[in-house]
Amino acid sequence: MTASSVPSDSTSFAITGMTCAACATRLEKVIGRVPGVTAVSVNIATEKAAVEGGETLSLAAVVAAVERAGFGAVPLSEDSAATEADLRRQAAAKARRELILFAVSAALTLPLVLNMLPPLLGREMLLTPWQELLLATPVQFWIGARFYRGAFGALRGGLGNMDVLVVLGTTAAWAFSAWRVLTADPAHAGHLALYFEGAAVVITLVLLGKVMESRAKRSAGAALRALMTLRPETARVEQGDRVVELPVAAVRAGDRVLVRPGERIPVDGTVVDGASAVDEALLTGESLPQDRGPGDRVIGGSVNGNGLLTVQATAVGADATLSRIITLVEQAQTGKAPVQKLVDRVSAVFVPVVVVLAAVSFFGWWLIGGSLEGGFVAAVSVLVIACPCALGLATPTALMVGTGVAARHGILIRDAQALEVAHRVTAVVFDKTGTLTVGHPVLTGIAGDDRREILRLAAALQQGSEHPLAKAVREQAAAEALTVPPLKDFQALTGRGATAVIEGQPLWIGSRRLMQDLGVETAPQEDWAARQEQQGQSVMWLASEAGLLGALAVSDPVRPTSARAVSLLKGLGAETVMLTGDNRVTAQAVAAAVGVDRVRAEVLPADKAAEISALQASGRVVAMVGDGVNDAPALAQADLGVAMGAGSDVAMQTAGLTLMRSDPLVLVAALSISAATWRKIRHNLLWAFGYNVVALPLAMAGQMSPALAGAAMAFSSVSVVTSSLLLRRWQGPAGDGVTR
């Protein structure tokens, strides 16, 4: 068995103790060495690790490896609402502790800062050197203990991180000052140049930065937490003549669940009794409540309106739509964009380079400038100001906010790769049925000698198909109260139709191409079929071994928003193409209605993939939009697969983006969000790199004190996260003004 064929499962871990991008890089190496691990991605912004491995992977081994490296790890299962809640409580408790530590640190540091003012005003200092030592020491070794623990763990693992730089800089400042206090002549103690305030201010400001950064990161993950809060904890399940309240985890597919007005629907299911308006806004981005009645699907987590509903559960637990949405959003936020890998490589060598620059500064000032103290100040400032926090947070925080905004608008992004590709799309390929059209066709006409018999046999054969056209035939047969016989040996003929044995005779239903392949003569109904197709209707042909039995016309109206979506995509510079297995005349009628640039009709699924490959060969970045099983090969071939949320599970699993609302305009919004996110990433990286490019030379030149360096370092991290949070202002395409 080859490595690529080894079964692989993905498990997420909540990671504690990380302080910067270098920690994430180090953890990836540590976890990657665990037997059975095939891939790992650690995200500093979400504080999670995504680990893939085969059957030999031990979760306990991963946790042990992480703990040996000086961090903590908690496995997160697919249905980990309780674990997530515990982690959120722990994070809140940690935030409170950090706030208290910052307050204590600030209280101890403030007198040291105020002590710097009297000499500037020509007055005696407020504190003696020994008092400064007493104030600075607890800040250095009690408040700053977290930095020592982090630095020790990093160095033990053979890698530097932010903690190493903070510890080196502040310890040097404290030790140099303490040595001066301990060895000074008491008569001159009041005139010593001490740097206690520099070390204490750095630690205090770094703590302040961490407090603000944590709050900003929690805001960045607000969209995902909002989704998690949609999970109801209990459900009212009908058991015989009584209704029992059970934990949602105990509900099974097939159970009938009672949902009262104003309650959240606990499971995915089908309404079997009652009618109501259901609010699905947080799941699909649809702002208006949707009417739901018997036979309609409802999504767990949506809010029931003013009606009493009885819902038969169809999907529960990890299979439910809300759980799958949360999993997809988590995967996207935990994963890494291609640009982040470059940043990680830079961060991995950044700390050693900074240590070298600090040494160069120290010896340069001492040996060339003749100032030992000037070299010391410059070296400490270099160590403090160069912490790579902003660099590590630039990409993941923007991705967190971008994917969260997308989820709020009904757009699920499978991974960062999909988000990265979306803003570069230059060609959009649409399937027709269920994508540009509403996907709920109705039977409009039947041609043949016996209309009711043709409908009866067609409905019987279509019992084995989930295609929207097949559903239209079945619904019409049910409306006419026809008795439909059972079928045997059903077989879907991909891209052409289907065949089965009905009442002992083989029947075929499908396209004109299928009839040609079977050698069935269609001439008797060709004139009728041509008239239907010119009106944009699809024609299905029904045949037996004896020949043609008849033809059925089905109308699938164009979505009201399709034409505007195509127009907006053209405005973004994207070529629009429609690929469909339907006949040429019908396809061209739909294409003319929506305004696509090119149309290819009577295309088999394999040919759709070939068409996309040809577009890619011409240099285009291709997005394929579809909703059916037949679209899966094309979705996989495209640079970006986009599945309509109302479509099949196969389409959703193959696609990089899933539009929870079956509206082509949502695709325009997805491309716009992608573009906004990547503009923000570029802006953040420019700021983070630019900050270090400007700040490091100033520190080396002695133009920046350690305290000012600490403030600048903290500000850079907070500013990057705050900049990412501005993405939450994205409101979607307005009019025709979508920009990229």
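Residues numbered from 1 in each chain as written. Predicted model: local features only at pLDDT ≥ 70, side-chain atom pairs only at ≥ 80, totals over all residues. Heavy atoms only, no water.

Attention shifts here to the sheet that holds strand E20 (residues 538-544). With antiparallel pairing, the six strands of this open sheet are ordered in space as E16-E21-E20-E19-E18-E17. Each having just a single partner strand, strand E16 (442-448) and strand E17 (487-493) make up the two edges of the open sheet. Across this sheet, the average inter-strand angle for adjacent strands is 20°, counted without regard to direction. Bridging between E17 and strand E18 (residues 497-502) involves five bridges; their strand directions are antiparallel. Following the sheet pairing, Leu493 is matched in E18 by Gly497. (Pairing = 2+ DSSP bridges. Helix = DSSP H or I, 4+ residues; strand = E, 2+ residues; numbered from the N terminus. Axes fitted to C-alpha atoms, helices over the stretch in contact; angles between N-to-C directions.)

Turning to the packing of aromatic side chains, a few remarks are in order. Counting across every chain of the model gives six aromatic pairs. A ring pair is formed by Phe362 and Phe363, whose centres lie 5.2 Å apart and whose planes are at 80°; its orientation type is edge-to-face. On the accessibility criterion, Phe363 (41% relative accessible area) is partly exposed. Arg146 extends its terminal NZ or CZ atom over the ring of Phe147, reaching a point 5.4 Å from the ring centre. (Phe/Tyr/Trp six-rings, centres within 6.5 Å; stacked < 30°, edge-to-face > 60°. Buried < 20%, exposed > 50% of the residue type's maximum accessible area, 1.4 Å probe, protein only. Lys NZ or Arg CZ within 6 Å of the ring centre and 35° of its normal.)

Strand direction decides the pairing type here: E18 and strand E19 (residues 505-510), joined by six bridges, are antiparallel. Counted as the bridge partner of Thr499 is Trp508 from E19. Between E18 and E19, which pair antiparallel one after the other, the connecting turn spans two residues, and Glu503 there sits at a positive phi close to 50°. As paired elements, E19 and E20 share four bridges and run antiparallel to each other. Residue pairing in the sheet places Ile509 in a bridge with Leu542 of E20.

This part is about the sheet that holds strand E25 (residues 640-644). The seven strands lie next to each other as E14-E26-E25-E24-E15-E22-E23, forming an open sheet whose pairing is mixed. Bordering the open sheet on either side are strand E14 (411-413) and strand E23 (598-600), each of which pairs with just one other strand. Averaged over all pairs of adjacent strands, the angle between their axes in this sheet comes to 20°, without regard to strand direction. Pairing geometry for strand E15 (residues 427-430) and strand E22 (residues 575-579), over four bridges, is parallel. In the strand pairing of E22, Ala427 is matched with Glu575.

By size, the foremost hydrophobic cluster in this structure holds 81 residues, and its most contacted members are Ile15, Met18, Ile411, Leu640 and Leu667. It is helix H26 (residues 664-700) that provides the largest number of residues to this core, a total of 13 residues. Excluding its chain neighbours within four sequence positions, the residues that come into contact with Ile411 are Ala406, Thr658, Leu659, Val666, Ala669, Ala670 and Ile673. If you look at the next biggest cluster of nonpolar residues, it comprises 51 residues, including Trp174, Val181, Val384 and Met704. (Core = buried A, V, L, I, M, F, W, Y, C linked by side-chain atoms within 4.5 Å. Contact = heavy atoms within 4.5 Å.)

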